[in-house]
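# A look at the structure
The residues making up each chain are set out below.
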Amino acid sequence: EEQEGFDSWRQDDLAIRDDVKLCQILFNDRRYSKMIDLGCGKGALTASLAGFAEKTIGFDISPTAIEIARSRYPEIEFQTLDAADRDAVTSVLRMQLAGRQGQDLVVLAQVLCYLPNWREVVREVGRLSADVLILLYQPENPIGFVKSTQELLDEVKSNFSEVAFQESSSSHIAILASPQRTGK
């Protein structure tokens, strides 16, 4: 892939990605203390969003993707993690979000459709009071675990109080949600 200049995962050219365009609409002037990208792939989206956070960390199940991300974006921390492993995700989120001083963001870009426990991941992010950015290609008859946009929106709305939603004509969706903040 590297030698031939071919992007088999179609992640690198952000200019053609509708999901990236949608999240730019949703982000506005937001700033985060920390951004955690679960399912970062080769890091292109992670790097493009890094300017919205003081610290950025990307996680992916693929050691190959993590190796590529580290070589391309050495200023960003990348680690391997199986996002389908609920205990591992919970542990990483707790560790990364512990003792935080500001607002944090968890990015779930094109990953929920691969997770049989995607609802648990969304709930855990909401429980830990981080904002979530969900980007997903959601065709009419999806083959992944998220079966409909409405199903995903219902789950997000049940775990977050503020939900912004954008959809493209090419079946890409973006959701930016904030949990109910206590003590404010």
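Right above here is the structure, for reference.
A brief structural summary. Note that the structure is a prediction, hence the values are computed from the model and not measured. Position labels on residues start from 1 in each chain and follow its written sequence. Only residues with pLDDT of 70 or above have their local features reported here, since the model is predicted, and side-chain atom pairs are shown and tallied only from 80 upward, although totals for entire chains, interfaces and linings are computed over all residues. The side-chain figures draw on all heavy atoms in the structure; neither hydrogens nor water molecules are used.

By size, the foremost hydrophobic cluster in this structure holds 33 residues, and its most contacted members are L38, L93, L108, L112, I134 and L152. Listing elements by their share of this core, those giving two or more residues are β1 (32-38), β2 (53-60), α4 (86-97), β4 (104-109), α5 (118-127), β5 (131-137), α6 (149-159) and β7 (172-178). Contacts: residue pairs with any heavy atoms within 4.5 Å of one another. For L152, the contacting residues outside a window of four places in its chain are L112, W118, I134, L136, V146, I173 and I175. Nine residue types can take part in a nonpolar core, namely buried Ala, Val, Leu, Ile, Met, Phe, Trp, Tyr and Cys, and a core is a set of them joined through side-chain atoms within 4.5 Å. Categorising residues by exposure relies on relative accessible area from a 1.4 Å probe, with only protein chains included: less than 20% of the type maximum marks a residue as buried, more than 50% marks it as exposed, and the intermediate range marks it as partly exposed. Counting 17 residues, the second-largest nonpolar core is a separate cluster that includes V20, L26, L45 and A53. A helix here means a DSSP run of H or I that spans at least four residues, while a strand means a run of E at least two residues long, and both kinds are numbered starting from the N terminus.

Backbone hydrogen bonds hold the strands of a sheet together, and the pairing may be parallel or antiparallel. Strand order in the open sheet made by the 7 strands is β3-β2-β1-β4-β5-β7-β6, with mixed pairing throughout. Both edges of this open sheet fall to β3 (77-80) and β6 (162-167), since each of them pairs with a single strand only. Within the sheet, the average angular offset between the axes of one strand and its neighbour, ignoring direction, is 15°. Pairing of β1 with β4, which is carried by 4 bridges, proceeds in the parallel orientation. Considered in β4, the bridge of I36 is made with V106. Those strands touched by α6 are β5, β6 and β7, and its axis lies near 10° from that of β7. Strands qualify as paired when DSSP identifies two bridges or more between them. Every axis in this analysis is a line fitted to C-alpha atoms, fitted for helices over the stretch in contact. Angles between the N-to-C directions lie between 0 and 180 degrees.

What follows is about the packing of aromatic side chains. Any pair of aromatic rings gets described here by the distance separating the centres and the angle formed by the planes. The pairing test for Phe, Tyr and Trp rings, Trp by its six-membered ring, is centres within 6.5 Å, and the orientation test on the planes gives stacked under 30 degrees, edge-to-face over 60, and tilted for anything in between. Applying the stated criterion across every chain, the model contains 2 aromatic pairs. Arranged with centres 6.2 Å apart and planes meeting at 55°, the rings of F27 and Y32 form a pair that is tilted. Since its relative accessible area comes to 1%, F27 is described here as buried. Looking at Y32, the relative accessible area reads 2%, which means it is buried.

This part is about unusual backbone geometry. Trans peptide bonds make up the majority, and among non-glycine residues the majority have a negative phi. Of note in the backbone geometry, Q110 takes a positive phi value of approximately 55° without being a glycine. Looking at the element boundaries, Q110 is found in the loop between β4 and α5. A positive phi angle is found at S171, which is not glycine, with a value near 70°. With respect to the element layout, S171 can be found in the loop between β6 and β7.

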